[in-house]
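Inside the fold
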Amino acid sequence: MNQNDMKKAAALEALKYVQKNAVLGVGTGSTIGYFIDALAEVKECIPGVVSSSEATTRKLKTLGIPVLDLNDVGHFDVYVDGADEINDSMQMIKGGGGALTREKIAAACANTFVCVVDRTKQVNMLGTFPLPVEVIPMAVSYVADELRKIGGNPRLRSVYTTDNGNMILDVHGLKILDPTGMEELINNIPGVVTVGLFARRGADILIVGDEDGVKIQRSATVWVQQDDSRR
Ligand code: 5RP
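Report on the accompanying structure. (Residues numbered from 1 in each chain as written. Predicted model: local features only at pLDDT ≥ 70, side-chain atom pairs only at ≥ 80, totals over all residues. Heavy atoms only, no water.)

1. What to know about helix α7 (residues 179–187)
- Of all the residues in α7, the buried ones are P179, M182, E183 and I186. Buried residues of α7 fall within an arc of 105 degrees about the axis and therefore sit on the same side.
- Packing partners of the buried residues in α7 comprise α5 (100–109), β8 (131–135), α6 (140–149), β11 (192–195) and β12 (197–198). (Buried < 20%, exposed > 50% of the residue type's maximum accessible area, 1.4 Å probe, protein only. Helix = DSSP H or I, 4+ residues; strand = E, 2+ residues; numbered from the N terminus. Arc of directions from axis to C-beta. Contact = heavy atoms within 4.5 Å.)

As structure tokens, then:
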């Protein structure tokens with residue numbers, strides 16, 4: 001199996017978590033591309049999808065899957081998305097595809113976050129993948145300085161604007177020993193819209209595609225953005 005086969009295997013497994021007659025949240029990226037292709041085969045079973053990016057919205061619409069406004073939906077049960085890195089606690093780096101802000105909003109509104117990855121995304125410590133930070137354009141220089149102060153080496157993602165009209169700094173060289181603390185620290189820098197650390201609200205179910213097929217892991221953590229009544 002090559003990496004794309006492993007992504008596809010994980011994505012197809014996630015179809016089992018789609019609930020009949022329930023709105024679903026859908027992330028962004030190549031793994032999710034396979035998931036959307038499969039979802040199209042069962043689209044009659046769901047009322048529609050909350051999308052995490054313009055790219056995902058375009059693909060959903062092309063395949064005839066209704067896209068719903070999150071403001072009309074409110075909370076929903078299942079959110080399926082990929083990740084750039086995921087640790088044993090099921091905390092993630094996301095935003096390689098630039099959709100981190102809408103992805104974090106969608107994840108916050110979901111009872112269950114189903115993360116689909118190939119095995120290369122599993123790490124002991126987050127930070128080898130450059131950490132994406134979405135920044136208001138006028139604050140890029142200031143935020144970059146602040147990120148250097150905490151040991152990062154931020155690089156502006158060139159010729160790129162997010163769906164929200166902002167810029168992305170990809171932060172190299174961070175050893176993220178405390179993902180929750182780092183998420184809060186970076187979120188608190190004025191000008192930061194979203195940091196691509198999903199530590200306060202990680203994944204609930206992890207589906208990993210590897211050479212032998214798929215492996216499934218469930219989180220033991222009650223994430224801080226959830227309460228018991230929603231699990
Ligand atoms: C997009 C993301 C993606 O989930 C992440 O980049 C993984 O992408 P892929 O499935 O293409 O490896 O966070 O913002």
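2. Things to note about unusual backbone geometry
- Backbone geometry at N21 places phi at a positive 65 degrees, although glycine is not the residue there.
- Mapped onto the elements, N21 comes out in the loop between α1 (3–14) and β1 (24–26).
- Residue classification places N21 among the exposed residues on the basis of a relative accessible area of 63%.
- Positive phi is not limited to glycine here, since M90 has a value of about 65 degrees.
- Secondary-structure assignment places M90 in the loop between β5 (85–86) and β6 (92–93).
- Note on M90: relative accessible area 1%, which makes it buried.

3. Comments concerning the site of the ligand
- Around the ligand, a shell composed of 17 residues is seen, among which S30, T31, D84, G95 and K121 lie nearest.
- Relative to its unbound accessible area of 380 Å², the ligand is 91% covered by the protein chains. (Near = heavy atom within 4 Å. Areas by Shrake-Rupley, 256 points an atom, 1.4 Å probe, with all protein chains shown as cover.)

4. Re the sheet that holds β11
- Spatially, the four strands line up as an open sheet ordered β9-β10-β8-β11, and their pairing is antiparallel. Because the sheet does not close on itself, it has two edges, and the strands there are β9 (153–156) and β11. In this sheet, adjacent strand axes meet at a mean angle of 30 degrees when their direction is disregarded.
- Pairing of β8 with β11, which is carried by three bridges, proceeds in the antiparallel orientation. Across the sheet, V133 pairs through a bridge with V195, a residue of β11.
- Of the strands in this sheet, β8, β9, β10 (167–172) and β11 are in contact with α6, which crosses β10 at around 15 degrees.
- The strands that α7 touches are β8 and β11; relative to β11, the one it contacts most, it runs at about 165 degrees. (Pairing = 2+ DSSP bridges. Axes fitted to C-alpha atoms, helices over the stretch in contact; angles between N-to-C directions.)

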